[in-house]
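Listed below, chain by chain, are the residues.
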Amino acid sequence: MKEKLEKIVSDALEQINTSEKLDKLNDIKTAFLGKKGELTAVLKGMKDVAPEDRPKVGQMVNDARQKIEEVLDEKRISFERALREEKMKSETIDVTLPGRKLRRGHLHPNTIALEEVEKIFVGMGYEVVSGPEIEYDYYNFEALNIPEGHPAKDEQDTFYINDKILLRTQTSSVQVHMMEQGKLPIRMISPGRVFRSDDVDATHSPSFHQIEGMVIDKNITFADLKGTLELFARKLFGADTKVKFRPHHFPFTEPSAEMDVSCFKCGGKGCRFCKGEGWIEILGCGMVHPHVFEMSGIDPNEYTGFAFGVGLERIALLKYEIDDMRLLYENDIRFLNQF
């Protein structure tokens, strides 16, 4: 038995010492120490050993196992050390090489324009409010005085999910949610993404952004609306900017108007940028319709208010003199790097 164990240990050590790969050591361990290994077979044959000799034979088997395991561990450590040294050599950093310039990201022109608009209105005491992009027909249309069958519904080419749920066509729906809360007075803007079934071209997209604003308080007049939007235009486009209001119609405001700003390229003289007119249309606005107040539970005899809406992309196109809205969404690095 002693000679047999010595032969097993000798064969194991020879195979370990001549192995050249770490994987080979696992095979050797299985062959000699595994469940079907040679040492395990010796232990299974202990039943044939005389009872008085079993302790001695058992000790010899344990010594053999310990010897093999010690040499296996030493060889494994040697392999791992060699692999680590080889890896470190291949990953050596040459500190004399020039450094790689890190390319840092920056804000998108839409985001730059939005942050500037928000800064202006927050400075005037407004709150920035967001709302759901998937909206009920009631909040998107009915509560804004656009009932079933109203022509404005057809004009906006809405994406309907079902008869009552849609992708919002305007962020005015957020204003309805705020009015329903009944916490007056209200001074808010609601920027966000909106959706309309438009063909993609230089001035249209099925997905774009709007910034809707609203003020509700006692004794609010059209003069407050004009003064607020004039200050907004001057802060956004320059102190010399002039504004003018033209009568218009919106279902949720009465009276309603569209606001133009004097061309900040030519100062109103007329140029290619303003198509020779000296004025640029910028937003729609008006006094909140009394029926809109009533549907949201606000007494129109006690409170008045105004609302306005401007396209974020329109501001970015004008402010940065971009002539094609598609450039804002195509992620062309040559275009974006200019900002």
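Below is a summary of the structure that appears in this document. On a predicted model such as this, the values are computed, not experimentally measured, just so you know.

This next bit is on the overall build of the protein. Scanning the protein for helices and strands turns up 12 helices and 9 strands. On C-alpha atoms alone, the protein measures out to a radius of gyration of 39 Å, which is more than a quarter above the 20 Å that the 2.2 N^0.38 rule sets for 339 residues. With respect to the three principal axes, the spread of C-alpha positions in the protein is 115 × 55 × 35 Å. Considering only contacts in the protein between residues 6 or more positions apart, those separated by 24 or more positions represent 66%.

With that settled, consider unusual backbone geometry. For the bond running from L184 to P185, omega is 0°, close enough to zero to count as cis. With respect to the helices, strands and loops of the structure, P185 is situated in the loop between α8 (172–181) and β4 (186–195). Look at the link from E254 to P255: it is a cis peptide, with omega at 0°. A positive phi angle, near 55°, is found at E321, a position not held by glycine. Mapped onto the elements, E321 comes out in the loop between α11 (312–319) and α12 (333–336). Exposure remark for E321: the relative accessible area of 42% places this residue in the partly exposed category. Unlike most non-glycine residues, N331 shows phi in positive territory, near 60°. Its location among the elements puts N331 in the loop between α11 and α12. Relative accessible area serves as the criterion here: at 54%, N331 is assigned to the exposed category.

For the rest of this paragraph, the subject is the pattern of salt bridges. Using the criterion set out here, one finds 10 salt bridges in the structure. A salt bridge links D217 to R187; its shortest N-O distance comes to 3.4 Å. In this pair, D217 is assigned in strand β5 (residues 207–217) and R187 in strand β4, connecting sequence segments 30 residues apart. For D217, a relative accessible area of 18% corresponds to the buried category. The partly exposed category is assigned to R187, whose relative accessible area is 33%. Salt-bridge contacts for D324 lead to R326; the nearest nitrogen and oxygen are separated by 2.8 Å. On the basis of relative accessibility, which here comes to 33%, the residue R326 falls in the partly exposed class.

Strand order in the open sheet formed by 7 strands is β1-β4-β5-β9-β8-β7-β6, with mixed pairing between adjacent strands. Taken across any chain shown, the strands that pair with only one partner, and hence form the sheet edges, are β1 (127–128) and β6 (243–250). Taken together, the 7 bridges between β6 and strand β7 (residues 253–262) define a ladder with antiparallel strand orientation. Counted as the bridge partner of R246 is E258 from β7. Of the strands in this sheet, β1, β4, β5 and β9 (304–311) touch helix α5 (residues 109–123), which is tilted by about 165° from β4. Seen against the sheet, helix α9 (residues 222–237) touches β6, β7, β8 (279–288) and β9 and runs at an angle of roughly 150° to β8.

With that settled, the discussion passes to the packing of aromatic side chains. Evaluated as defined, the whole model comprises 9 aromatic pairs. Here F121 and F308 contribute two aromatic rings whose centre-to-centre distance is 5.3 Å and whose plane-to-plane angle is 20°, an arrangement assigned as stacked. With F121 in helix α5 and F308 in strand β9, this residue pair connects regions lying 187 residues apart in the sequence. Through pairs of rings, three or more aromatic residues link up here, namely F121, Y126, F232, F306 and F308.

Looking now at the packing of α5 against α11. Each pair of packed helices gets described by two things: the angle between the helix axes and the distance between those axes. Between α5 and α11, the shortest axis-to-axis distance is 9 Å and the interhelical angle comes to 100°. One way to sum up the angle between α5 and α11 is to call them roughly perpendicular. On α11, the residues that touch P109, N110, A113, L114, E116 and V117 of α5 are L312, E313, I315, A316 and K319. Classifying every residue of the contact of α5 with α11 by side-chain character gives 7 nonpolar, 1 polar and 3 charged.

Quick notes on the rules
Residues numbered from 1 in each chain as written. Predicted model: local features only at pLDDT ≥ 70, side-chain atom pairs only at ≥ 80, totals over all residues. Heavy atoms only, no water. Helix = DSSP H or I, 4+ residues; strand = E, 2+ residues; numbered from the N terminus. Rg over C-alpha atoms; globule rule 2.2 N^0.38 Å. Contact = heavy atoms within 4.5 Å. Buried < 20%, exposed > 50% of the residue type's maximum accessible area, 1.4 Å probe, protein only. Salt bridge = Lys/Arg side-chain N within 4 Å of Asp/Glu carboxyl O. Pairing = 2+ DSSP bridges. Axes fitted to C-alpha atoms, helices over the stretch in contact; angles between N-to-C directions. Phe/Tyr/Trp six-rings, centres within 6.5 Å; stacked < 30°, edge-to-face > 60°. Parallel < 35°, antiparallel > 145°, perpendicular 65-115°, else oblique. Nonpolar A, V, L, I, M, F, W, Y, C, P; charged D, E, K, R; others polar.

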